[in-house]
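This is what each chain is made of:
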Amino acid sequence: MRTEEKLNMTMLCDFYELTMGNGYFQNGYKDRITYFDVFFRRVPDGGGFAIAAGLEQLIDYIENLHFSEEDIAYLRGRNLFSEEFLQYLADFHFTGDIYAVPEGTPVFPREPLVVVRAPAIEAQLIETFTLLTINHQSLIATKANRVVRAAQGRTVLEFGSRRAQGADAAIVGARAAYIGGCNGTACTISDQLYGVPAGGTMAHAWVQMFDTEYEAFKTYCEIYPTNATLLVDTYNTLRSGVPNAIRAFNEVLKPLGIKKCGIRLDSGDIAYLSQQARKMLDEAGWEGCQISASNSLDEYLIRDLMMQNAKIDMFGVGERLITARSESVFGGVYKLVAVEDKEGNIQPKIKVSENVEKITIPHFKKVYRFFGNDTGKAIADYITLHDETVDDSHDLEIFDPHATWKKKVVYDFNAQELLVPIFKNGKRVYDCPTLQEVQKYCHEQVDKLWDEVKRFDNPHSYYVDLSDKLWNIQNDLLHGND
């Protein structure tokens, strides 16, 4: 049974969301419309961009929001909440609006990935789960995309379930890795639930179970002749592993006319071993035999293997992908940016900090992405007020919101809105694409970024600028809080 079916995810919230909700209720703010943004401040691993993911799980969560009798009884037992508030929770459901960038979209710091417009209590109660699902899956999708780009077209499989930080991290982590570009996973349940192609062959225990390595390989080929990938490093890769694999291929697969097969390297000097194994396989007439590699790989090790001319066709990447080991937190935040007064007028709100990067961008906003008509490449992102439109039939001057003297004229471009409606008045208005469609979309959108933005080290800083109106509102609020 899935974890979500055992637990009511509505209760997966920080306790302060409940105490604040009770406070809003008691203070008459229950129905006050608020606006919250989900955004992040820094790209993991010092990269040039991140990949948005986790929206489908957020949608499922919103549609199933409710407090059970057991939940209400627990809260009543804390002796902190008014009975009126508990009765409100007993009939609780989401009635607001949500906008989000589609999964698989390359995204940049400070721009909203999710916008929530809802009554104060509703908006506050969904904060933790919203951040949890967007933060985790965006982190893994971003890491996976880096790994896949390092592999330069070679197949990449996610192998990290046993090292993931919990069951849910393994299951939806494989989903996020697929969005980022991985071809499949070792996690069976992720295939069953989400359609992430699962695969696998053998571990070292299979080879050790038999009296000889050759017997283990021969038996496996006999049982799985169309899926024979043999793990050749249990004893000695070049002296026994590869020769025994060739022998098994010759005796079992060759008479059947089967040419599809593979070997896997899981230890040692993979660059050297793959080169020698490729030579041995080719000399034996198994030019089509694929060589796969695993063993604590990440984008940097894969990049180095490629630079060393390693003869690898497929990479299995485990712990350093599923845990995003080099950068274990995405860092998305959920901040109040506006409220509505009794007449429905939007009042912008700002968080001010001595740490400049923590100053928020106020108001209900839209995000545009500008693409050059001549290249199809992304030029800049442009954050505007919700009621502003961009006329891309004319040149537009944009400027750096932190260094306003840095200006750029954008010309011959088309402007596309990134945020799309997900919920309106509590009802879902968005049809989730298939996971395969999300992966394809991600690949297409990453391809629209300039190579300078995709560098692993010292990437070009992509432009994320504010409209004049939005910058003036932020500036006025900053000065008003002096």
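See above for the structure.
Residues numbered from 1 in each chain as written. Predicted model: local features only at pLDDT ≥ 70, side-chain atom pairs only at ≥ 80, totals over all residues. Heavy atoms only, no water.

Visitor: Before we go on, may I ask you to explain unusual backbone geometry in this structure?
Guide: Excluding glycine, residues mostly have negative phi values, and the peptide bonds linking residues are mostly trans. In this structure, Arg-110 takes a positive phi of about 80° despite not being glycine. With respect to the helices and strands, Arg-110 occurs in the loop between strand 4 (106-107) and strand 5 (114-119). Non-glycine residue Asp-412 carries a positive phi angle of around 45°. Looking at the element boundaries, Asp-412 is found in the loop between strand 17 (407-410) and strand 18 (413-417). (Helix = DSSP H or I, 4+ residues; strand = E, 2+ residues; numbered from the N terminus.)

Visitor: Help me out: how do you make sense of the pattern of salt bridges in this one?
Guide: A side chain with one charge can pair with a side chain of the opposite charge if their charged atoms come near. Counting across every chain of the model gives 28 salt bridges. A salt bridge links Lys-424 to Asp-97, with the shortest nitrogen-to-oxygen separation between them at 3.7 Å. Of this pair, Lys-424 sits in strand 19 (residues 420-424) while Asp-97 sits in strand 3 (residues 97-100); the two residues are 327 residues apart in sequence, bridging distant segments of the chain. Note on Lys-424: relative accessible area 33%, which makes it partly exposed. A residue is classified by how much of its surface remains accessible, and Asp-97, at 4% relative accessible area, is buried. Note that Arg-247 and Glu-251 form a salt bridge whose closest N and O atoms lie 3.2 Å from each other. In this pair, Arg-247 and Glu-251 both sit in helix 12 (residues 237-256), four residues apart, roughly one turn of the helix. The partly exposed category is assigned to Glu-251, whose relative accessible area is 41%. Beyond isolated ion pairs, a larger network of salt bridges with shared partners links Asp-45, Lys-143, Arg-146 and Glu-299. (Salt bridge = Lys/Arg side-chain N within 4 Å of Asp/Glu carboxyl O. Buried < 20%, exposed > 50% of the residue type's maximum accessible area, 1.4 Å probe, protein only.)

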